[in-house]
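# An overview of the molecular structure
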Amino acid sequence: MDSSPSLLRTAIQSFLKHGGPNFRILDARARAAYLKGPRLVPSTNIPHKNLASVMFQLPPKSTAFAVLEASRETTVDPHDKNGQGTPRQGQDSTAYPPSGTSASTTSMLQMQGWNARWTFQDQPEFWSAFQSEVASLQSKSGSTTQLPQIESGQQSGKGRYHFLFQPNPFLVKVLPRIEHELVKSRWPTPTLNLLRCLDLGCGAGRDMTYMVARAPNQIAEQHAEWSVVGIDEWHVACERAEQLAHYTFGEDGPLSSEQQSNSKNINNNDDSNNSNGYASRVSTIVGRVDPKAGILWIKHKPSEIGRRITTPSLFLKNIRYEDSSHDDLILDTLKKHPEGSSDRFDLIVMIRFLERAVLAPMVEHWLQPGGFIVWSTFVADLDLPAYSKPGPAHRLNSKDEARTILQELGLEIIVSEISRVEDGKRSVANIVARKKENTTCVVFLFVLLLANT
């Protein structure tokens, strides 16, 4: 008797039982097959041929997720001498294809250490079995987990954007409160502009894409829509950040009727090259911080970047351009408009970023009055577990250092806590602080104090 149908149902049951509540599904089929459907919701489409170049979109290697393979993408794992799909230690062997059909995307991921725990293939029997198992679970009383669903290309799931990656958990936790306060402070015209965020040390842009997606995913505060500028000294990170945004939002997402009606009131955002406008709300800057002067030097002017990195012009003090002609333009504009207030940010995010010299000018010149700072960076202290990387130059010297610095700059501390990163060993200090209406004098005194020390 053929056991394949039984193994398929066992794998689906395992996924529905252990894969939630945040189900992560990598759909490795070609883009056309994914859009045509059927497809699983939630799922993220990264075709197999593109996967090697976008590994940064994947979740942490310890996080279990499912892979949906194209119907003919089957290979034998070269590391499996018996010709059978061999699960990693601790995984459920029922969550794999039958013997001799270790799928190519899954094999590649497992060999590189990812926990691709469940594999399914685009076959009619899979879709019918999956629908049957979901219906069976939903019919049982007391089931509260939101289970994955099946949709076709004709259905309206385009307004939701699903990620395999995980944004910073502290940022996810505190954003609702920040959005609420910022929207409340704009009353009675909360929809006048996008909220503006600066991400210092943005890396591959996961947090930026997550922030922009909050509104279309309907998890943001009403009227809270973000435009995010990321800064990183590594140009590859900036390219990845913009690639992630365009890959996530693409040209398939909708522009809601509310956004259409409000589009004339949204400034600092050009949606002409993107049908939904969300991808264009993520831009990046290749730049470096002068650790002595506290100046952010931007390496290129916008016209030199091309389509891969959409560097904006920032008319703010302590931000300079290495291109002299563009730098002269910025300086001339700042002479006419000394505060450059229209370019200030409502939120500044610093995740794993530590450049003390830039903190004072950042608070004084880059952050709007009433704006917030979210800071999460490595910390060492006597009563915290020791670790070697990153080194002492890239971590705070005590649990209280970040709080003390921001308080001396005149900011109000909203949240202060210590947590561990994904490895469970290294500690980070997490801070949310808010700028008061008048902090210029306090910042000036802090700068004098630094100069005297």
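Residues numbered from 1 in each chain as written. Predicted model: local features only at pLDDT ≥ 70, side-chain atom pairs only at ≥ 80, totals over all residues. Heavy atoms only, no water.

## Focus: the sheet that holds strand E15 (residues 427-435)
Filter applied, for reference: Here, strands pair whenever DSSP counts at least two bridges between them. Helix and strand assignments come from DSSP, with helices taken as H or I runs of at least 4 residues and strands as E runs of at least 2, each series counted from the N terminus. Every axis corresponds to a line fitted to the C-alpha atoms, with the helix fit spanning only the stretch in contact, and the corresponding angles, defined between N-to-C directions, vary from 0 to 180 degrees.
An order of E11-E10-E9-E8-E7-E12-E13-E15-E14 is seen for the 9 strands of this open sheet, with the pairing classed as mixed. With one partner strand each, in any of the chains shown, strand E11 (319-321) and strand E14 (411-420) form the two edges of the open sheet. This sheet shows a mean twist of 25 degrees between the axes of neighbouring strands, independent of strand direction. As judged from the 5 bridges shared by strand E8 (residues 226-232) and strand E9 (residues 282-290), these two strands associate in the parallel manner.

## A few points about the pattern of salt bridges
Side chains bearing opposite charge may pair, as long as their charged atoms lie close to each other. What counts, and what does not: One speaks of a salt bridge when a side-chain nitrogen belonging to Lys or Arg is within 4 Å of a carboxyl oxygen belonging to Asp or Glu. Each residue is assigned to one of three classes by its accessible area relative to the maximum for its type, calculated with a 1.4 Å probe on protein chains only: buried under 20%, partly exposed between the two thresholds, exposed over 50%.
Overall, the coordinates contain 15 salt bridges when judged by the stated rule. Two residues, Arg9 and Glu133, come together in a salt bridge whose shortest N-O distance is 2.7 Å. Here the residue Arg9 occupies a position in helix H1 (residues 4-18), and Glu133 occupies one in helix H5 (residues 124-139), the gap between them amounting to 124 residues. Judged by its relative accessible area of 32%, Arg9 falls in the partly exposed class. What makes Glu133 buried here is its relative accessible area of 11%.

## A look at the sheet that holds strand E5 (residues 116-121)
Note the following rule: By definition in these notes, contact holds between two residues if any of their heavy atoms fall within 4.5 Å.
With parallel pairing, the 4 strands of this open sheet are ordered in space as E3-E1-E4-E5. Strands with a single pairing partner mark the edges of an open sheet, and in this sheet they are strand E3 (44-45) and E5. Sheet analysis places strand E1 (residues 25-27) next to strand E4 (residues 65-69), joined by 3 bridges and oriented parallel. Bridge pairing in E4 places Ile25 opposite Ala66. Sheet contacts for H1: E1, E4 and E5; angle to E5, the most-contacted strand, approximately 135 degrees.

## Quick word on the confidence of the model for the chain
The condition that has to hold: Residue-level confidence of the predictor, termed pLDDT, takes values from 0 up to 100.
In this model, the chain carries an average pLDDT of 80, and 76% of its residues clear a pLDDT of 70 or more. Per-residue pLDDT stays below 50 along residues 98-102; that stretch engages in 16 contacts with residues further than four places along the chain or on separate chains. A low-confidence stretch, residues 251-275 (pLDDT under 50), is modelled with 44 contacts involving residues beyond four sequence positions or located in other chains.

## Thoughts on the environment of Asp232
Quick note on the threshold: Nitrogen and oxygen atoms within 3.5 Å of one another constitute a polar contact, given that in protein one can donate a hydrogen and the other can accept it, and given that sequence-neighbouring residues count only through two side-chain atoms.
By the secondary structure assignment, Asp232 is in strand E8. Through-space distance from the C-alpha of Asp232 to that of Thr284 is 7.8 Å; in sequence the pair is 52 residues apart. The contact partners of Asp232, leaving out residues within four places of it in the chain, are Gly201, Cys202, Gly203, Ala237, Cys238, Ile285, Val286 and Gly287. There is a polar contact of 3.0 Å between the side chain of Asp232 and the backbone nitrogen of Trp234.

## Let's talk about the environment of Pro47
Considering the arrangement of structural elements, one finds Pro47 in the loop between E3 and helix H3 (48-51). It is 9.1 Å that separates the C-alpha atoms of Pro47 and Tyr34, two residues lying 13 residues apart in sequence. Other than its neighbours up to four places away in sequence, Pro47 contacts Asp27, Ala28, Arg29, Ala30, Arg31 and Tyr247.

## Thoughts on the environment of Leu316
With respect to the helices and strands, Leu316 occurs in the loop between strand E10 (295-298) and E11. The exposure class of Leu316 is buried, given its relative accessible area of 0%. Separated by 46 residues in the primary sequence, Leu316 and Met362 place their C-alpha atoms 9.6 Å from one another.

## A short note on the side chain of Arg214
Positionally, Arg214 belongs in the loop between helix H7 (206-213) and E8. A distance of 2.8 Å separates the side chain of Arg214 from the side chain of Glu179, its partner in a polar contact. Excluding anything up to four places from it in sequence, Arg214 contacts Leu175, Pro176, Glu179, Ile219 and Ala220.

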